[in-house]
Amino acid sequence: MNTKFITGKNFKNEKFTTTRLPRADYEECVFEGCQFQNGFLDNQNFAECEFMTCDLSNTNIKHSIFNDVTFRDCKLIGLRFEDVNDSLISLHFENCMLDFASFFGLRMKHTVFKDCSLVETDFTETDLTASTFSNSNLNRAVFEQTILTKANFTTAFNLALSPENNQIKKAIFSKESALGLLKKYDIVIE
């Protein structure tokens, strides 16, 4: 079966909650104001695409490829990124709501999370080497056996992670964000 190839197309204010986005390889496409929540984006290929002000909450993204894809001002609540084809995964998030999302076991080096809400997001066994959490809310985010080497948490807030259960060599913390490394000890710092 031949896969359609769609390049440089702009999708604006389209609704894909009951009808599927046509199965294709999408390259350099822009999705603006589109609704995908509880829909299906599985088995799609996205390269150098941008999603702006879209709602992808609880969307099925199984086996899809996201290569050099940017999400801006998007709702991605409950998205299971662990189900994507991770061979070419490269993502950038800006001002996105990623609460309850899961990145379990993915290799996501150099990923940028800028001004994002990551409440209860699961990063268990994720490789986030040299990733940046700029001004992002990490309240109850799960970091277990996570590779955080050279990750930047200087402006992240509500961070709590165990240095013993994660690789944090050369990770960067501000004084405030570093307090999240001590949270599990239930100590008082004045």
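Above: the structure in question.
Report on the accompanying structure.

Calculation criteria
Residues numbered from 1 in each chain as written. Predicted model: local features only at pLDDT ≥ 70, side-chain atom pairs only at ≥ 80, totals over all residues. Heavy atoms only, no water. Core = buried A, V, L, I, M, F, W, Y, C linked by side-chain atoms within 4.5 Å. Buried < 20%, exposed > 50% of the residue type's maximum accessible area, 1.4 Å probe, protein only. Helix = DSSP H or I, 4+ residues; strand = E, 2+ residues; numbered from the N terminus. Contact = heavy atoms within 4.5 Å. Pairing = 2+ DSSP bridges. Axes fitted to C-alpha atoms, helices over the stretch in contact; angles between N-to-C directions. Disulfide = S-S within 2.5 Å.

As a further point, take the nonpolar core. Counting residues in hydrophobic clusters, the biggest one holds 51 residues, and the most contacted among them are Phe31, Phe51, Phe71, Phe93, Leu98, Phe113 and Phe143. Mapped by element, the contributors of at least two residues to this core are β3 (24–27), β8 (69–72) and β9 (91–94). Once residues lying within four places of it in the same chain are set aside, the contact partners of Phe31 are Phe11, Leu21, Tyr26, Phe36, Phe46, Glu50, Phe51, Met52 and Cys54.

For the rest of this paragraph, the subject is the sheet that holds β3. Whenever strands of a sheet pair, they do so through backbone hydrogen bonds, lying parallel or antiparallel. On the basis of which strands lie adjacent, the open sheet formed by four strands has the order β1-β3-β5-β7 and parallel pairing. Whereas interior strands pair on both sides, the edge strands pair on one side only; in this sheet they are β1 (4–7) and β7 (65–67). The mean angle between the axes of side-by-side strands here comes to 10 degrees, regardless of whether they run parallel or antiparallel. The pairing of strand β5 (residues 45–47) with β7 spans three bridges and is classified as parallel. Residue pairing in the sheet places Ala47 in a bridge with Asn67 of β7.

Moving on to the environment of Ala130. Mapped onto the elements of the fold, Ala130 is located in the loop between β10 (112–114) and β11 (132–134). When the C-alpha atoms of Ala130 and Thr149 are compared, they prove to be 6.3 Å apart, with 19 residues separating the residues in sequence. Leaving out residues up to four positions away in the same chain, Ala130 has contacts with His110, Thr149, Lys150 and Ala151.

With that out of the way, let us pick up unusual backbone geometry. Located in the positive-phi region is Asp68, a residue other than glycine, with phi close to 60 degrees. The backbone of Lys170 shows a phi angle near 65 degrees, a positive value even though the residue is not glycine. By the element assignment, Lys170 lies in the loop between β11 and α1 (175–178).

On β3, burial follows the alternation: Ala24 and Tyr26 on one face are buried, whereas Asp25 and Glu27 on the facing-out side are not. Summarising the sheet, β1 and β3 pair through four bridges and their orientation is parallel. Along β3, the bridge assignment pairs Phe5 with Asp25. Judged from the three bridges that link them, β3 and β5 form a sheet pairing that is parallel. The partner of Glu27 across the bridge, within β5, is Ala47.

The term disulfide refers to a covalent linkage connecting the sulfur atoms of a pair of cysteines. Per the stated rule, a full pass over the model turns up zero disulfides. Counting only cysteine sulfurs, Cys96 is the nearest neighbor of Cys116, a cysteine outside any disulfide, at a range of 5.0 Å.

Looking now at the pairing of β9. Judged by which residues are buried, β9 turns out to be one-sided: Leu91 and Phe93 face inward and are buried, whereas His92 and Glu94, on the alternate face, are not. Bridge count between β8 and β9: four bridges; the pairing is parallel. When the bridges of β9 are listed, Arg72 appears paired with Glu94. Direction of pairing for β9 relative to β10: parallel, over a ladder of three bridges. Among the inter-strand pairings, Phe93 is bridged to a residue of β10, identified as Phe113.

Fair warning: the whole summary comes from geometry, so function is off the table for now.
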